[in-house]
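Single-letter residue listing:
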Number of protein chains: 2
Amino acid sequence: MTEPLVISVDAMGGDHGPAVVAAGVARAAGELGEGVRFLLHGDEAALNQAVAACPGLKGRAEVRPATGVIAMDEKPAQALRRGKGSSMWNAVEAIRAGEAGAAVSAGNTGALMAVSKLILRMGAGLDRPALVASWPGARGVTSVLDVGANVDCDAERLVEFAILGEAFHRAAHGVARPTVGLLNVGSEEMKGHEEVRQANRILREGVFDLDYRGFVEGDDLTKGAVDVVVTDGFTGNVALKTAEGVFRFMTSELRGALTSTAMAKAGALLARPALKAFRDRLTPRVAAPLLGLNGVVVKTHGGASEQEIADAVHMAADLARSDFAAQIERNMSRLSDAVQAPPPPAADGAA
Amino acid sequence: MTEPLVISVDAMGGDHGPAVVAAGVARAAGELGEGVRFLLHGDEAALNQAVAACPGLKGRAEVRPATGVIAMDEKPAQALRRGKGSSMWNAVEAIRAGEAGAAVSAGNTGALMAVSKLILRMGAGLDRPALVASWPGARGVTSVLDVGANVDCDAERLVEFAILGEAFHRAAHGVARPTVGLLNVGSEEMKGHEEVRQANRILREGVFDLDYRGFVEGDDLTKGAVDVVVTDGFTGNVALKTAEGVFRFMTSELRGALTSTAMAKAGALLARPALKAFRDRLTPRVAAPLLGLNGVVVKTHGGASEQEIADAVHMAADLARSDFAAQIERNMSRLSDAVQAPPPPAADGAA
């Protein structure tokens, strides 16, 4: 834990430009301490200027010139063809080259997935990296995956998400033994489609080193019934966007209500600090790892603020310093045993 | 439209007992006018007393004694075996017997689906009735289906939901030409799994009399991007429960914030009418039809209040008086043509 960690940053990703990325990295640098250093990939002149403006980066950040930038609307296939030498490509390549322990980007998600997969390769049996959402809820943060690109998931993929998500939650949130649930339309064993029922059976068999709690439902995401909620990328994406939609709609309706009359406005003014605390508590964390790769890659959204860049750097450091990869590997080898082995002769009751 | 309509009510369904159901029916009776009459199924003594307590039901409600009640936790299979003669069974049976134009129940959803399907049979090719949720959003109410029991849906099922939901939305909300979207993880044509992509192709071919707008995403549910959102019962159930969870969590957090300090409390007091309007606007409508049956069956939740019972009766009357069933039949016959017919020889561009 005391050996120096290098975090490789795509400083051109993000809508606010390299100065905000550098300022976010500087903020994280101050909090993470001297043991962490940074590679900043991107436009040399702009980055030298941005680094010079951040005293906290002095002696701790190295600018790595990169000529190209992958645009936010570029298709993953285009990014693979034309992205070599770009700030994103080089940020990820530094992990493969052994120069960095983790990478951070606020760039195009699809491109980052494709580039990371090509350079680092998948450690798990997944087709594409799994994306985790961190949901604010009644009992803290719930990690939900996949909310990304794995639209068709068989039972084995779902079990992989459980393994990846559990290790991520421990590393990112310091929960020693995260609980895991499988998203379904009811909590009884016979509910749902074949894929979730089979994944439930595999997880129930208990060959994995994880605390599996069975099926959970949509409203358990905010109740915090379990720490990690596993689902396919289709359902997870719809659930995440639905929740974001409800959040935005309610926030906007509330604003409308509290400006509708003079009395309501006066009330809102008095309640302002409380309303601000309410919003802060409910705002989701935008940093998200791409799970299943041979290496730690954290993405944050394009519009990331200085604080959100700093948060993504923190997450990258937490994951890189944890035993995360080894834990995943141990459970993954048990999964291939569980899937390949014929059922034991006297195990009728186990399924 | 002027001929008398009879609505058959399971007066024993619901947690608050027959007196609340009767009061809810009486409220709707007053609003719907003399052209609508009611059959109330359930315990004779209790219902006679409840009806006597509601002057508005005088001469318009007939009590139909039923001995059994299907419990809220009864399994659908049990309800089918033991439910004959119960208030729910008889309420639905009155439609088949030609005595009523629609039925309403606040009882066990699974049992109501099973009993309705057995008695009325499916008019569509569905295995089970589709359930519609009415979502409050930025542009009024969005109808989302299926949020119920159809967990595995092929492309043809999804197209059926589009047909059912469109006709429902027009009948229930008076929108002449509701727009329809298909829930997916992105709006581009190549996104999502095979079932949604194929359903999109069938709907795009345009043989149906409906205004199909293509793919929508989770956050479009509250944006009101389209009037009717179509999805499989697994995704729809998760999305609905996720939205309910976010709504409850935010409401509870808001309450917590507004009672956290004396200033916040004073503010909340001033803003009280505005906050109440906010809540009312966001509270979802709990009445929901079971779509695809040969007959109109509306369910409302077990804890339905007098007003919510009245709302379900209104929905039943709107559906029974509309051209709903004939519209569905017309589009359904086009669906079987579209699915059975080989693609036209020169239609390469259409897929």
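Residues numbered from 1 in each chain as written. Chains lettered and ligands numbered in written order. Predicted model: local features only at pLDDT ≥ 70, side-chain atom pairs only at ≥ 80, totals over all residues. Heavy atoms only, no water.

- Chain A has the name Phosphate acyltransferase in an unreviewed UniProt entry, where Phenylobacterium terrae is given as its organism.
- UniProt lists a comment for chain A under the heading Pathway (unreviewed entry), and it reads "Lipid metabolism; phospholipid metabolism." (UniProt positions renumbered as here; feature names shortened; annotations may be inferred.)

## A word on the sheet that holds strand β3 (residues 61–65) of chain A
Residue and element names in this part refer to chain A.
Step number 1: Strand order in this open sheet of 11 strands is β3-β2-β1-β4-β11-β10-β5-β6-β9-β7-β8, and the pairing throughout is mixed. Looking at which strands have only one partner, the edges of the open sheet turn out to be β3 and β8 (211–216). This sheet shows a mean twist of 25 degrees between the axes of neighbouring strands, independent of strand direction.
Step number 2: One ladder, built from 6 bridges, connects strand β5 (residues 130–137) with strand β6 (residues 140–145); its direction is antiparallel. Each residue of the ladder has a partner; that of Trp-135, found in β6, is Thr-142. (Pairing = 2+ DSSP bridges. Helix = DSSP H or I, 4+ residues; strand = E, 2+ residues; numbered from the N terminus. Axes fitted to C-alpha atoms, helices over the stretch in contact; angles between N-to-C directions.)

## A look at the relation of the copies chain B and chain A
Step number 1: Least-squares fitting of chain B to chain A yields an RMSD of 0.0 Å, with the superposition described by an axial translation of 0.0 Å and a rotation of 180 degrees. Expressed as an axis order, the relation between the two copies is that of a two-fold axis. Nearest to the rotation axis, the C-alpha of Gly267(B) is located 1.7 Å from it, this being the minimum over chain B.
Step number 2: By residue overlap, the copies meet face to face through one surface: 100% of the interface positions of chain B are interface positions in chain A. (Least-squares fit on C-alpha atoms with pLDDT ≥ 70 in both. Contact = heavy atoms within 4.5 Å.)

## Overview of the side chain of Glu166(B)
Step number 1: For Glu166(B), the location among the structural elements is in helix α6 (residues 155–173).
Step number 2: Filtering out sequence-adjacent residues up to four positions away, Glu166(B) remains in contact with Pro178(B), Val180(B), Asp209(B), Leu210(B) and Val228(B).

## Points about the nonpolar core
Step number 1: Ranked by size, the top nonpolar core spans 237 residues in total, and within it Leu57(A) and Leu57(B) carry the most contacts.
Step number 2: Setting aside residues no more than four positions away along its own chain, Leu57(A) makes contact with Ala22(A), Val25(A), Ala26(A), Ala29(A), Phe38(A), Leu40(A) and Val51(A). (Core = buried A, V, L, I, M, F, W, Y, C linked by side-chain atoms within 4.5 Å. Buried < 20%, exposed > 50% of the residue type's maximum accessible area, 1.4 Å probe, protein only.)

## Some words on the sheet that holds strand β11 (residues 296–299) of chain B
All names here are of chain B.
Step number 1: Strands sit in the order β3-β2-β1-β4-β11-β10-β5-β6-β9-β7-β8 across an open sheet of 11 strands; the sheet is mixed. Each edge of the sheet is formed by a strand with only one pairing partner; in this case those strands are β3 (61–65) and β8 (211–216). Adjacent strand axes in the sheet meet at a mean angle of 25 degrees, parallel and antiparallel pairs treated alike.
Step number 2: Its contacts with the sheet place helix α7 (residues 194–204) against β7 (179–183) and β8, and it is angled at close to 160 degrees to β8.

## As for the interface of chain B and chain A
Step number 1: In this complex, chain B contributes 52 residues to the contact, which on the side of chain A involves 52 residues.
Step number 2: For the pair chain B and chain A, the two sides together bury roughly 4,400 Å², of which 76% comes from carbon and sulfur.
Step number 3: Considering only the side of chain B, the residues that lose the most area to chain A are Phe234(B), Phe249(B) and Met250(B), jointly responsible for 16% of the buried surface there.
Step number 4: Taken together, the links from chain B to chain A amount to 4 salt bridges.
Step number 5: The shortest N-O distance in the salt bridge between Arg248(B) and Asp219(A) comes to 3.3 Å.
Step number 6: Taken together, the connections running from chain B to chain A amount to 10 residue pairs in polar contact (both at pLDDT 80 or more).
Step number 7: Contributions of two or more residues to the side of chain B that touches chain A are made by β5 (130–137), α8 (220–223), α9 (233–258), α10 (262–270) and α11 (272–282) of chain B.
Step number 8: Of all the elements, α9(B) adds the most residues to the side of chain B that touches chain A, at 20 residues.
Step number 9: Counted by class, the side of chain B that touches chain A contains 29 nonpolar, 14 polar and 9 charged residues. (Buried area = accessible area lost by both parts, 1.4 Å probe. Salt bridge = Lys/Arg side-chain N within 4 Å of Asp/Glu carboxyl O. Polar contact = N/O pair within 3.5 Å; in protein donor to acceptor, adjacent residues only side chain to side chain. Nonpolar A, V, L, I, M, F, W, Y, C, P; charged D, E, K, R; others polar.)

## What about the packing of helix α10 (residues 262–270) of chain A against helix α11 (residues 272–282) of chain A?
All names here are of chain A.
Step number 1: Contact geometry of α10 with α11 gives a least axis separation of 4 Å together with a crossing angle of 70 degrees. By the criterion of interaxial angle, the relationship of α10 to α11 is roughly perpendicular. Contacts between α10 and α11 pair Ala-268, Leu-269 and Leu-270 from the former with Arg-272, Pro-273 and Leu-275 from the latter.
Step number 2: Its residues assigned to classes, the contact of α10 with α11 comprises 5 nonpolar, no polar and 1 charged. (Parallel < 35°, antiparallel > 145°, perpendicular 65-115°, else oblique.)

## A short note on the domain arrangement of chain A
Put simply, an interface is often sized by how much accessible area is lost when its parts join up.
Residues and elements named next belong to chain A.
Step number 1: In terms of domain boundaries, chain A breaks down into domain 1 (1–123 + 293–322 + 331–351) and domain 2 (131–285).
Step number 2: Averaged C-alpha coordinates put domain 1 and domain 2 at centres separated by 24 Å.
Step number 3: In this complex, domain 1 contributes 15 residues to the contact, which on the side of domain 2 involves 17 residues.
Step number 4: Between domain 1 and domain 2, the buried area comes to about 1,600 Å², and carbon and sulfur atoms account for 71% of it.
Step number 5: On the domain 1 side of the interface with domain 2, the three residues burying the most area are Met-315, Asn-331 and Leu-335, jointly 32% of the side's total.
Step number 6: At the boundary of domain 1 with domain 2, the tally comes to 0 salt bridges. (Domains from an automatic or database assignment.)

## Focus: the pattern of salt bridges
Residues and elements named next belong to chain B.
Step number 1: A full pass over the atoms with the stated rule returns 34 salt bridges over all chains.
Step number 2: Put simply, Arg-201 and Glu-194 hold a salt bridge, and the shortest N to O gap is 3.2 Å.
Step number 3: A relative accessible area of 26% places Arg-201 in the partly exposed class.
Step number 4: The exposure class of Glu-194 is partly exposed, given its relative accessible area of 36%.

## A short note on a negative patch on the surface
Step number 1: Together, Asp152(A), Glu195(A), Asp152(B) and Glu195(B) make up a region of like negative charge exposed at the surface.
Step number 2: Within the fold, Asp152(A) resides in the loop between β6 and α6 (155–173). (Patch = residues over 30% accessible without salt bridge, like charges linked within 9 Å, V, L, I, M, F, W, Y side chains within 5 Å. Areas by Shrake-Rupley, 256 points an atom, 1.4 Å probe, with all protein chains shown as cover. Lys, Arg positive; Asp, Glu negative; His and termini not counted. Charge placed at Lys NZ, Arg CZ, Asp CG, Glu CD.)

## Focus on the pairing of β7(B)
All names here are of chain B.
Step number 1: When you tally the buried positions in β7, you get 5 out of 5 residues, the bulk of the element.
Step number 2: Both faces of β7 are covered, namely the face carrying Thr-179, Gly-181 and Leu-183 and the face carrying Val-180 and Leu-182.
Step number 3: For the crossover that starts at β7, traverses α7 and ends in the parallel β8, the hand is right-handed.
Step number 4: When β7 meets strand β9 (residues 228–230), the two strands line up parallel, connected through 3 bridges. Following the sheet pairing, Leu-182 is matched in β9 by Val-230. (Right-handed = clockwise from strand over helix to strand, strands pointing away.)

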